[in-house]
There are 2 protein chains.
Amino acid sequence: MEVVVPFSTDGPKSRLSPVLSAAERSELARAMLDDVLAAVAATGNDPRVLATGALDADPGFPVDVDDRPLTDAVNAALDARLGAGTASGGDPDLSDGDGDASDDDRTASTSSVAVVMADLALATPDALDRLFAARQRADVALAPGRGGGTNAFVAAHPAFRVDYHGTSYLDHRRIAAAAGASVATVDSHRLATDIDEPADLAEVLIHGEGRACDWLRDAGFALDASGGRVAATRT
Amino acid sequence: MEVVVPFSTDGPKSRLSPVLSAAERSELARAMLDDVLAAVAATGNDPRVLATGALDADPGFPVDVDDRPLTDAVNAALDARLGAGTASGGDPDLSDGDGDASDDDRTASTSSVAVVMADLALATPDALDRLFAARQRADVALAPGRGGGTNAFVAAHPAFRVDYHGTSYLDHRRIAAAAGASVATVDSHRLATDIDEPADLAEVLIHGEGRACDWLRDAGFALDASGGRVAATRT
């Protein structure tokens, strides 16, 4: 299965600006992308970067460039992979959208695609396998992010499309329901933890195992347990 | 299996004081406790409140009162349930602590006990079942909390004890290793989300299904997607 990994090459991770320079934010974002691509590849699936600009992905993963906003770029990727949907002119009323289709029905009628955000620095092959396996019991499997986002999903329904604005996890449940697609939710702290704000960096230091964790340690970050919750502070 | 649920009756949830009065914090804390007790009971296990003061638990769950700090009170509960440990005078060197004991060995030699925090307002029977099932593959199963805490665990090793100060998730891994106990980690957003700070309230509104979610809605809280991450704001 193709696993699309959206990535912004244009000033990523602006909410980390209180603790990291623009150049550092780009380096950390790239380390997280590399960690996510490696974790996806380790599941046996096929990662594919969807970047806003040119990028040499290591180690040679394919890159598509689409400079539109995230929602538009991901929906174009879904159009191309899920076949007949709203945007590609298909009639969703003709799809098997009763939510009770057998696995065989779904496999026969619809391809699957996953979308995994590039800032999931805690993602492991095990956590991703749980998401991908949830495809067997629903047309759409969602991994909610902290704060109501959608950090990753697998879709196997031709009419499912995304809207990343606002509380996208709840919106995506509504979108799936309106399309007649059954939904499963994957309960994962690793997939719920996107790295957006300074407080998130502590999670990388506690649970991370890859390049992003190494990058933070090399940049002088360490855990500080002197406050309420443990924080990542720079020395 | 007994599932101990520590609960503070003395000014709980002080970090929510920016958005809730002391009386409101007590009400919300009690609603979360009731949700956790109900979720534990739904797994078929036996919840037991470990309170710092007198409490009528609904609907009639047993309550033990221990006014010592959390770490001391939980360790006393472990002493009483896991048998020979450091605090009860047993010799941990005599325990089967090679981390490779078969399930039969563990079942024969050691009882199990779980400790689940009372502020896990998102806890569901499914999430707790994943934690409790992890007992089958390790002597100690930990559910890390956001920020490095330990929100829930199951222990079946006589020498495992807790220390909730600091980054307790990492400390508990070290304590288990020093005792020769094997460790499993449960990757759950629901169990990682303890409700301590105003930002956590959004998680209850997004994912909650019980009394705590109802309480927040009745108190006027709603999701606000106007900022970066979705927040819970009061109207």
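Structural notes, computed from the coordinates. Remember, it's a predicted structure, so these values are computed and weren't measured experimentally. (Residues numbered from 1 in each chain as written. Chains lettered and ligands numbered in written order. Predicted model: local features only at pLDDT ≥ 70, side-chain atom pairs only at ≥ 80, totals over all residues. Heavy atoms only, no water.)

The two copies are related by a screw operation: chain A maps onto chain B through 180° of rotation and 0.0 Å of translation along the axis, at an RMSD of 0.0 Å. The relationship between the two copies is best expressed as a two-fold rotation axis. (Least-squares fit on C-alpha atoms with pLDDT ≥ 70 in both.)

Residues and elements named next belong to chain B. Overall, mixed pairing links the seven strands, which are arranged 3-2-1-4-6-5-7 in an open sheet. One side of each edge strand has no neighbouring strand; the edge strands of this open sheet are strand 3 (63-65) and strand 7 (183-185). When the angles between neighbouring strand axes are averaged without regard to direction, this sheet yields 20°. Strand direction decides the pairing type here: strand 5 (residues 140-144) and strand 7, joined by three bridges, are parallel. Its bridge partner lying in strand 7, V140 is registered against V183. Strands in contact with helix 1 (residues 22-42) are strand 1 (2-7), strand 2 (46-51) and strand 4 (113-116); relative to strand 1, the strand with the most contacts, it is inclined by about 175°. (Pairing = 2+ DSSP bridges. Helix = DSSP H or I, 4+ residues; strand = E, 2+ residues; numbered from the N terminus. Axes fitted to C-alpha atoms, helices over the stretch in contact; angles between N-to-C directions. Contact = heavy atoms within 4.5 Å.)

Turning our attention to the interface of chain A and chain B. Opposite the 29 residues of chain A that make contact, chain B presents 29 residues. Counting the surface lost from both chain A and chain B, the interface buries some 2,600 Å², and carbon and sulfur atoms represent 49% of this. Contact with chain B buries area across many residues of chain A, yet R146(A), D187(A) and R229(A) alone supply 32% of it, more than any other trio. A salt bridge links D200(B) to R146(A); its shortest N-O distance comes to 3.0 Å. The tally of links between chain A and chain B comes to 14 residue pairs in polar contact (both at pLDDT 80 or more). Of all the secondary-structure elements, those providing two or more residues to the side of chain A that touches chain B are helix 4 (125-134), helix 5 (168-178), helix 6 (189-192) and helix 7 (201-207) of chain A. Here the residues of the side of chain A that touches chain B are counted per class, giving ten nonpolar, eight polar and eleven charged. (Buried area = accessible area lost by both parts, 1.4 Å probe. Salt bridge = Lys/Arg side-chain N within 4 Å of Asp/Glu carboxyl O. Polar contact = N/O pair within 3.5 Å; in protein donor to acceptor, adjacent residues only side chain to side chain. Nonpolar A, V, L, I, M, F, W, Y, C, P; charged D, E, K, R; others polar.)

Residue and element names in this part refer to chain A. Here D126 is to be found in helix 4. With a relative accessible area of 60%, D126 lands in the exposed category. Sequence separation of D126 and V65 is 61 residues, and the distance between their C-alpha atoms is 29 Å. (Buried < 20%, exposed > 50% of the residue type's maximum accessible area, 1.4 Å probe, protein only.)

What follows covers the packing of helix 1 of chain B against helix 8 (residues 211-218) of chain B. Residues and elements named next belong to chain B. It is the contact of helix 1 with helix 8, at a shortest axis distance of 7 Å, that shows an interaxial angle of 150°. Judged by the angle between their axes, helix 1 and helix 8 are roughly antiparallel. Every residue of helix 8 that contacts helix 1 at E24, E27, L28, A31, M32, D34 and D35 is listed here: R211, A212, W215 and L216. Looking at the contact of helix 1 with helix 8, its residues break down into six nonpolar, no polar and five charged. (Parallel < 35°, antiparallel > 145°, perpendicular 65-115°, else oblique.)

Another point: the sheet that holds strand 1 (residues 2-7) of chain A. All names here are of chain A. Reading across the sheet, the seven strands line up as 3-2-1-4-6-5-7 and stay open at both edges, with mixed pairing between neighbours. Strands with a single pairing partner mark the edges of an open sheet, and in this sheet they are strand 3 (63-65) and strand 7 (183-185). When strand polarity is set aside, the average angle formed by the axes of neighbouring strands in this sheet is 20°. Packed on one face of the sheet, helix 1 (residues 22-42) meets strand 1, strand 2 (46-51) and strand 4 (113-116) and runs near 175° to strand 1. On the sheet, helix 5 packs against strand 5 (140-144), strand 6 (150-155) and strand 7 and is oriented at approximately 170° with respect to strand 5.

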